[in-house]
There are 2 protein chains.
Amino acid sequence: MVMAYHPPKSRDEAVATDRHDILAHAREAFDMEGGLVYLVGHSLGPATHNALDALHQAAHYDWRRGLVRSWNTADWFTLAKRTGGQLARLVGAKPAEIMIADSVSANLYKLASAAGSLAASSDLIVEEDEFPTDQYVIEALAGMSGVTFHRAAPGEGLGKLAETGGVLVHSLINYRTGALRDMAAAEKIAADCGGVIVWDLSHATGVVDVSLSKAGARLAAGCTYKYLNGGPGAPSFLYVRKDLTGKLESPLPGWMGHARPFAFEATYTPAEDITRFANGTPPILSLAALSGALEAFEALDISLVVAKAQALGDLVTRRAGELGLDIRSPLDASKRGGHVSFAHPNAHEIVRALAARNILADFRAPDTIRFGLSPLFLRFIDVWDAMDALADILETKSWDKDEYRKRAAVT
Amino acid sequence: MVMAYHPPKSRDEAVATDRHDILAHAREAFDMEGGLVYLVGHSLGPATHNALDALHQAAHYDWRRGLVRSWNTADWFTLAKRTGGQLARLVGAKPAEIMIADSVSANLYKLASAAGSLAASSDLIVEEDEFPTDQYVIEALAGMSGVTFHRAAPGEGLGKLAETGGVLVHSLINYRTGALRDMAAAEKIAADCGGVIVWDLSHATGVVDVSLSKAGARLAAGCTYKYLNGGPGAPSFLYVRKDLTGKLESPLPGWMGHARPFAFEATYTPAEDITRFANGTPPILSLAALSGALEAFEALDISLVVAKAQALGDLVTRRAGELGLDIRSPLDASKRGGHVSFAHPNAHEIVRALAARNILADFRAPDTIRFGLSPLFLRFIDVWDAMDALADILETKSWDKDEYRKRAAVT
């Protein structure tokens, strides 16, 4: 039974909502300075105590003292797969269906290439408002493998998929607007036309309901340094539906993906399991921090996490509406990810003025302010006060004041 | 003027050689347990104080306190390029010619693909005793781009290059035998036939003379977790000769390699400089540790480092010869990298028996013992005593004793 969160209508209500918040304890996992309101968890999640501890263990014991022995004694060989397993529940997958490897860019490349063998046609499709990396990678892959590339207009990717039966790279959440796509409906279209969707879950994981198995998704990748708090540049995860693993080939093999890496064989025999999507040696220190970070989610009901994120977002959209802001995100929480965007001609100055009040938000050129609502560490009172500050800045136009410019820490 | 190191002929001479060693202070950079003789620096280099400090700074200050601001305030955006610059001197390149990115596997893939536009033919060549990843990656790349793949017999890669004018992936040092290739002579052959060599410097960097510019090398990649002590799975480096950068395209682009990453443009315009070979967000924590590790080399004359490594290797080969061991590495130090291999039917048991005496070495199936001679932290007395221990183990056949099996820590 999911407790409903209701966005508070007053500061007192915000305090009361926090007092009754069943997820309130999740904030204790984080090592953050008091007084800071951090609305940028969708760009870089903050450090948890366990992430820092896991990193310390990996560096100061396993590397410094265990040295090369730690590949066995600390089981570094399976760390990428074990860490993937920790993440599986957050995206509605089985542990064996997820591993950590490389960057999102590299994983999208690998999966979109491998998907060719499953799809009715080899056409590659991406929408022109997708996160840029997705577009670069898929266009380059098409050029390299000599297949047809379609850069579809926003919202027309699924239509092009239905038309071609090719491979579509598709973000579950739009990185600008926060708009959430319907995964199950999209997979239905893919199943009907013989096409394949490679999902980019970068802005989704840890903040919206991602039910890969239930939705019939076959392939996905995503980043781990946003709502998962894995650390700066933490390595990416990839998902391959279990029954498909053995049928798929990575275009970027490497010794860590071999069935018998220590036989040092001249020819490549991919591992039976998802490890076949590994290539070289993974960055163990970054991976260890990620593994520790994921512990913050371990005992949490993900549907509660999603419900709280939605209520935090509703609080922002409602108050932003009252302020007359130009909201660029869906108002219906069930169609929105974890961030809310608004446009303002003075967006840059406003974000600086917020930073001067110890409220960190994102600016995206030319005119967008993004608030990321990370439900594990944000309180309703934090978001309420941030909206108060925003209201004050807008009313007093205090971004014109030199003092804010001077004190500003964020560009 | 390079001080000549002479391999000692007695234990007293070893002590004296250490006492006069102009590089003796380099050992102080390392945070290692006393009494341990670590002959596995060619598999995973030990931690330095500065690597651990840089990691602490990145995790506890830049991430934990700076949060997303650290992309600017700690200059994470240029860390991959700056760290590459630190490494340049060790491989005889200019700082702008090196960057850190991804794994060796991914970088070989990128460079071998990009090299196609420079070579007279698109054929891809690799020798069958190359490190397996090099073979897997190049064979997969050939399959993907539909070009001819040649797995040449050992020693016949250059002949195949001369015949085809294609692209050869070539290790400077053989990972099994430690044999060192002549880079300048190979580049001469490449220049004559219009072919291109992509060098794998994994076993070479930090221990032999690598003079990329002087030898006329155009492309290279290598790992950083061996003699460079960058940490477990530390990200790889890649080298592109400066005049070629603008002509080469990465098959694996990404937003971090874009000329204007924050314009979020739909189409890819590669950065002017070597940053074009980046793809996704790099693993900052692992990268920070590497950056700190490279400081150990900063004030050292690399020709001295090479001379010491050679003398340590000579000490091993000479004493191994006296023990009648089947040495699989070149006896001439100028033709050998930083490790010495011998074959023995009881190699596995011998490595375990050494480990029981706190001497760590590598076993490679089925019958190979590898000693890595890392000149920054190894003393002549360490290697002398390791050879004494080896002699004792061989003479007493103490690998047969259960006690060693039980105490053994390394497999």
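Residue indices begin from 1 for each chain and proceed along its sequence in written order. Going through the entries in the order they are written, you letter the chains from A and number the ligands from 1. Where local features are concerned, this predicted model is filtered to residues with pLDDT of at least 70; where side-chain atom pairs are given and counted, the filter is 80 or more; whole-chain, interface and lining totals use all residues.

1. A few points about the overall build of chain A
Counted only if it meets this: Helix and strand definitions follow DSSP, with helices as H or I runs of at least four residues and strands as E runs of at least two, each counted in order from the N terminus. For the radius of gyration, the atom set is restricted to C-alpha positions; the globular benchmark scales as 2.2 Å times the number of residues to the power 0.38. Working definition of burial: number of other C-beta atoms within 10 Å of the residue's own, with buried at 20 or more, exposed at 12 or fewer, and partly exposed in between, all C-beta atoms being placed from the backbone. Residue pairs are scored as contacts if the distance between their C-beta atoms, which are placed from the backbone, is within 7 Å.
Helices and strands together make up the secondary structure of chain A, namely 14 helices and 13 strands. In summary, chain A has a C-alpha radius of gyration of 22 Å against a globular reference of 22 Å for 411 residues, a match within 12%. Its C-alpha atoms put chain A at 70 × 55 × 45 Å along the principal axes. For chain A, buried positions account for 59% of its 411 residues. In chain A, the proportion of contacts linking residues at least 24 apart, taken out of those at least 6 apart, comes to 71%.

2. Description of the sheet that holds strand β3 (residues 124–127) of chain A
Residues and elements named next belong to chain A. Condition: Here, a strand pair is defined by DSSP locating no fewer than two bridges between the strands. Each axis is a line fitted through C-alpha atoms, and for a helix only the stretch in contact is used; angles between axes span 0 to 180 degrees, taken between their N-to-C directions.
Strand order in the open sheet made by the seven strands is β2-β8-β7-β6-β5-β3-β4, with mixed pairing throughout. Strand pairing shows two members of the sheet lacking a second neighbour, β2 (98–100) and β4 (149–152), which therefore form its edges. The average angle at which neighbouring strand axes cross in this sheet is 20°, direction not considered. Examined bridge by bridge, strand β5 (residues 167–171) and strand β6 (residues 196–200) share five bridges and lie parallel to one another. Within β6, the residue paired with V167 across the bridge is V196.

3. What to know about the nonpolar core
Most often, soluble globular proteins keep nonpolar side chains buried together rather than apart. Spelled out, the test is: We call a set of buried Ala, Val, Leu, Ile, Met, Phe, Trp, Tyr and Cys residues a nonpolar core when their C-beta atoms link them within 7 Å.
Ranked by size, the top nonpolar core spans 282 residues in total, and within it L55(A), A112(A), V198(A), L55(B), A112(B) and V198(B) carry the most contacts. The contact partners of V198(A), leaving out residues within four places of it in the chain, are L108(A), L111(A), A112(A), A115(A), V167(A), V169(A), L219(A) and A220(A).

4. Description of the packing of helix α11 (residues 302–322) of chain A against helix α13 (residues 380–396) of chain A
Describing two packed helices takes the angle between their axes plus the distance from one axis to the other. Residues and elements named next belong to chain A. The cut-off we apply is this: What sets the label is the angle itself: under 35 degrees gives roughly parallel, over 145 gives roughly antiparallel, 65 to 115 gives roughly perpendicular, and the rest give oblique. Each crossing gets its hand from how the near helix is turned against the far one by less than a right angle, where anticlockwise is left-handed and clockwise is right-handed. The nonpolar class holds Ala, Val, Leu, Ile, Met, Phe, Trp, Tyr, Cys and Pro. Asp, Glu, Lys and Arg form the charged class, and all remaining residues, Gly among them, are polar.
Where α11 contacts α13, the two axes come as close as 10 Å, and the packing angle between them is 15°. Looking at the two axes, α11 sits roughly parallel to α13. With respect to the hand of their crossing, α11 and α13 are arranged in right-handed fashion. On α13, the residues touching L312, L315, V316 and R319 of α11 are F380, V383, W384 and M387. Residue composition of the contact of α11 with α13, grouped by class: seven nonpolar, no polar and one charged.

5. Notes on the domain arrangement of chain A
Accessible area lost upon the coming together of the parts serves often as the stated size of an interface. Residues and elements named next belong to chain A. So the rule is basically this: These domain limits were set by an automatic method or by a database of domain assignments.
Entries for chain A in the domain assignment read domain 1 (11–30 + 301–407) and domain 2 (51–297). The straight-line distance from the C-alpha centre of domain 1 to that of domain 2 is 30 Å. Taken together, the contacts link 20 residues of domain 1 with 15 residues of domain 2. The set of elements that each furnish at least two residues to the side of domain 1 that touches domain 2 consists of α11 and β10 (339–343). Sort the elements by how many residues they give to the side of domain 1 that touches domain 2 and α11 lands first, with four residues. In terms of residue class, the side of domain 1 that touches domain 2 is built from nine nonpolar, eight polar and three charged.

6. Examining the interface of chain B and chain A
Listed by partner, the interface residues are 68 residues for chain B and 68 residues for chain A. Put simply, the parts of the chain that give the side of chain B that touches chain A at least two residues each are α2 (49–66), α5 (104–115), α6 (132–145) and α10 (284–294) of chain B. In terms of residue count, the dominant contributor to the side of chain B that touches chain A is α6(B) (nine residues). When grouped by side-chain class, the residues that make up the side of chain B that touches chain A number 40 nonpolar, 18 polar and 10 charged.

7. Considerations on the packing of helix α7 (residues 157–164) of chain B against helix α8 (residues 183–193) of chain B
All names here are of chain B. One way to put it is that α7 packs onto α8 with a least axis distance of 8 Å and a crossing angle of 20°. The angle between α7 and α8 places the two elements in the roughly parallel class. Crossing geometry of α7 relative to α8 is assigned as left-handed. Together, L158, L161 and A162 of α7 and A186, I189, A190 and C193 of α8 make up the contact between the two elements. Residues of the contact of α7 with α8, tallied by class, amount to seven nonpolar, no polar and no charged.

8. A short note on the environment of D326(A)
All names here are of chain A. Within the secondary structure layout, D326 lies in strand β9 (residues 326–327). The class for D326 is partly exposed, based on 13 C-beta atoms found within 10 Å. Along the chain, D326 and T368 lie 42 residues apart, while their C-alpha atoms are 9.7 Å from each other. Excluding its chain neighbours within four sequence positions, the residues that come into contact with D326 are F342, A343 and H344.

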